[in-house]
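Chains, contacts and geometry: an overview
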Amino acid sequence: MNTLSEARVSELFGEFFGSHPKALVKAPGRVNLIGEHTDYNGGFVLPAAINYHTYIALSPRTDRTLRVVAWNFDNADVVIPLTEEQQEDESNNWSNYIRGVVQQLCRAGFTLAGGDLYIAGDLPSGAGLSSSASLEMAVIRALLSLSGEVIAPTKAALLGQAAENQFVGCNCGIMDQLISARGQANSALLIDCQDLSARAVTMPGDWEILIVHSGVKRGLVDSEYNQRRQQCEQAAAHFDQTSLRAVDLGDLLDAEGILDDLSFRRARHVLTENARTLIAADALAKGDLSTLVKVMGESHISMRDDFNITTPTIDRLVEIIAAAGEGQAGARMTGGGFGGCVVAVAPAAVIPRLMAAVSHTYEQETGCVPTLIPAKASAGAFNN
Ligand code: GLA
């Protein structure tokens, strides 16, 4: 993995604009340790912000426009007006996240000021590590730095989510933006997505996070994702509720055979995942490795068999990592599903064994090329 630094991004700004930037902001991507597809069901998630970021070097302009350059897209550059009216740009898809954020900030009554923005990120895109949420949070920080206004981190996360839901057209939950905004160094965040309250859960000092990109490109993400949301809403409606959070696991289990099988399994994933997420947060706080390993394993099986969002290749990757960990490594697919990454949590001494097993076995068996991404729980965009 090639990583960027603040100094490098300032230099890139200089090479493009011919002057030093006035400021530099950054926002992290995230890895979710457990609590998948629970956020839009008002449930619990346990993500950590990671030490891979979207950086923006910036300087003010005198007109009311943004000139935005994207390092990750061969220095493609666009001009964006600072108004609520925004047009989609199909040939520069990346810029739609920025246009959506500008629109939301205007709607929320922020007064924006013009600027030159140089954007560069070291998060792999399409990996399920929330490069889009990190872009949204970095843009909000950049725009408020130009105008001198302040925003509460949770408000920033909600505006980023609204930009994605309403302008980009992806019906995502709140987890990615919230952790990118509010993450804390060395900690995961236990977020209650019903009221957006969050509690930092410090990771034991000698435990590490290893992310492995499966080399499987995430396919069908939007259509399958939106379908899962609908199926969850249908299951909740069976119990006269608008959210699965309000449904009791015991009542659900009693409804087996009455509720149609698909709705039953979707709801069982969500409700058991909520319970596992609370157990995992507790285990992480106490350094109880065997419990964490157990619930991460169960989470993967639930995503595989009840929520049907894994792929055979990803299942194999999780098996390889879990076997190499010999009971000392929690492993599960992370993110929306249908490809992307696996996350492992283990004592530092165990991590090399996991890496070796992935390098020796995975590609040979599946033909997919893995990328090993060691990660550290890091500060969010509004905490650094
Ligand atoms: C994507 C969405 C999140 C969340 C996860 C699944 O990352 O953006 O809101 O729903 O999938 O847990």
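To keep things clear, this report deals only with the structure shown in the data block. Values in this document were obtained by computation on a predicted structure and should not be read as measured data.

In the contact formed by helix α2 (residues 95-107) and helix α4 (residues 153-168), the axes pass within 8 Å of each other and the chain directions differ by 115°. Both α2 and α4 take part in a crossing whose hand is right-handed. For the pair α2 and α4, the contacting residues are N96, Y97, R99, G100, V101, Q103, Q104, L105 and R107 in the first and L159, A162, A163, E164, Q166, F167 and V168 in the second. Taken together, the residues of the contact of α2 with α4 sort by class into 8 nonpolar, 5 polar and 3 charged.

Lining the immediate environment of the ligand, one finds R30, E36, H37, D39, Y40, C172, G173, M175, D176, Y225 and G336. Measuring from an oxygen atom of the ligand, one finds a side-chain N or O atom of E36 at 2.7 Å. Note that an oxygen atom of the ligand is positioned 2.6 Å from one of the side-chain N or O atoms of Y225. Expressed as a share of its isolated accessible area of 310 Å², the protein-covered part of the ligand is 93%. By residue class, the composition of the shell around the ligand is 4 nonpolar, 3 polar and 4 charged.

Let us now look at the sheet that holds strand β6 (residues 115-121). Overall, mixed pairing links the 5 strands, which are arranged β1-β3-β6-β4-β5 in an open sheet. The strands lining the two open edges of the sheet, one partner per strand, are β1 (23-32) and β5 (76-81). Adjacent strand axes in the sheet meet at a mean angle of 25° when their direction is disregarded. Where strand β4 (residues 65-70) and β6 come together, 5 bridges link them in parallel fashion. Opposite A70, over in β6, you have I119 as the bridge partner. Across the face of the sheet, helix α1 (residues 6-17) comes into contact with β1, β3 (47-60), β4, β5 and β6 while running at roughly 130° to β6. Taken strand by strand, α2 contacts β4, β5 and β6, and its axis lies near 15° from that of β5.

The tally for this structure, following the rule as stated, stands at 22 salt bridges. Across the pair R276 and E273 runs a salt bridge whose closest N-O atoms are separated by 2.9 Å. Residue R276 and its partner E273 are both found in helix α8 (residues 261-286); the two are separated by 3 residues, about one turn of the helix. Classification of E273 by relative accessible area gives buried; the value is 0%. The closest approach of N and O atoms between E326 and R353, which form a salt bridge, is 3.7 Å. Here the residue E326 occupies a position in the loop between α10 (312-325) and β10 (330-334), and R353 occupies one in helix α11 (residues 351-366), the gap between them amounting to 27 residues.

Parameters and conventions
Residues numbered from 1 in each chain as written. Predicted model: local features only at pLDDT ≥ 70, side-chain atom pairs only at ≥ 80, totals over all residues. Heavy atoms only, no water. Axes fitted to C-alpha atoms, helices over the stretch in contact; angles between N-to-C directions. Helix = DSSP H or I, 4+ residues; strand = E, 2+ residues; numbered from the N terminus. Left-handed = near helix turned anticlockwise from the far one by under 90°. Contact = heavy atoms within 4.5 Å. Nonpolar A, V, L, I, M, F, W, Y, C, P; charged D, E, K, R; others polar. Near = heavy atom within 4 Å. Polar contact = N/O pair within 3.5 Å; in protein donor to acceptor, adjacent residues only side chain to side chain. Areas by Shrake-Rupley, 256 points an atom, 1.4 Å probe, with all protein chains shown as cover. Pairing = 2+ DSSP bridges. Salt bridge = Lys/Arg side-chain N within 4 Å of Asp/Glu carboxyl O. Buried < 20%, exposed > 50% of the residue type's maximum accessible area, 1.4 Å probe, protein only.

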